[in-house]
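# Analysis of the macromolecular model
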Amino acid sequence: MLKKVCRISDLKKKKNKHVEQKPPFIIRKYGDSVNNEIKCKHNITNYDVILWYKQDRGKSLKLLGYLFNNNPNYQEDLEERIRFDGDGRKESTLRVTDLNFNDSALYFCAASYTVL
C-alpha cells in the first residue's frame, strides 16, 4: 500500500500563500465613486499579475483586465470609468467613477504568474 507523505513544513508554507480582497461589500449611490476602497493583495512569491473580474447577476465572470508588475492592461471594451493600479507582485486597487446601475455586480481579483 502506497501512502503519500506530507511534511508539516510544506503544509505551513501552503497555508501562508493567499490572495485577499477587501472589503467584502460596498454600498454606494448612483453617481458616487469608489476610489481606493476595493483592494486586492497577495503574498505569493514569483506571482507578478493581478487580474480583475466582474460578475453581473446570473452571468459568468468577465475579465476587466490585469496588472502585470506596474503596468495595467485593460480589456478593449472596458469603460474608462473603471481603472486599477498598483503592483501585480503584491497589491492592486480597483476604482469605479460615476457609478450607474450596470456597475452593481460582484468584483473579484486573482493572482497569477507570467509564463515565458
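Above this text sits the structure in question.
What comes next concerns the included structure. Treat the numbers as computed from the prediction; the structure is a model and nothing was measured. (Residues numbered from 1 in each chain as written. Predicted model: local features only at pLDDT ≥ 70, side-chain atom pairs only at ≥ 80, totals over all residues. Heavy atoms only, no water.)

### Some remarks on the sheet that holds strand β4 (residues 62–68)
With respect to topology, 4 strands assemble into an open sheet ordered β5-β4-β3-β8, the strand pairing being antiparallel. Every other strand in the sheet has two partners, leaving β5 (71–74) and β8 (106–112) as the edge strands with one partner each. Sheet twist, expressed as the average angle between the axes of neighbouring strands with direction ignored, equals 20°. Of the strand pairs in this sheet, strand β3 (residues 49–55) and β4 are connected by 6 bridges, and their pairing is antiparallel. (Pairing = 2+ DSSP bridges. Helix = DSSP H or I, 4+ residues; strand = E, 2+ residues; numbered from the N terminus. Axes fitted to C-alpha atoms, helices over the stretch in contact; angles between N-to-C directions.)

### Considerations on the layout of surface pockets
Of the pockets and cavities examined, the largest pocket occupies roughly 530 Å³. Of all elements in the fold, only β2 (34–42) and β8 reach the threshold of two or more residues within the lining of the largest pocket. Here the element with the most residues in the lining of the largest pocket is β8; it accounts for 3 residues. Grouping the constituent residues of the lining of the largest pocket by class yields 13 nonpolar, 3 polar and 3 charged. Approximately 210 Å³ is the volume attributed to the second largest pocket. Contributing to the lining of the second largest pocket are Lys54, Asp56, Lys62, Leu64, Asp77, Leu78, Glu79, Ile82, Phe101, Asn102 and Ser104. Of the residues belonging to the lining of the second largest pocket, the class tally is 4 nonpolar, 2 polar and 5 charged. (1 Å grid on protein atoms, 1.4 Å probe; cavity = no way out; pocket = protein on both sides within 12 Å on 5 of 7 lines; lining within 4 Å. Points joined across faces, edges and corners; volume = space filled by probe spheres on them. Nonpolar A, V, L, I, M, F, W, Y, C, P; charged D, E, K, R; others polar.)

### Remarks on a nonpolar patch on the surface
A grouping of Leu61, Leu106 and Phe108 is seen on the molecular surface, where their side chains present a nonpolar patch of about 270 Å² in accessible area. Checked against the element boundaries, phenylalanine 108 lands in strand β8. The exposure class of phenylalanine 108 is partly exposed, given its relative accessible area of 33%. (Patch = residues over 30% accessible without salt bridge, like charges linked within 9 Å, V, L, I, M, F, W, Y side chains within 5 Å. Areas by Shrake-Rupley, 256 points an atom, 1.4 Å probe, with all protein chains shown as cover. Salt bridge = Lys/Arg side-chain N within 4 Å of Asp/Glu carboxyl O. Buried < 20%, exposed > 50% of the residue type's maximum accessible area, 1.4 Å probe, protein only.)

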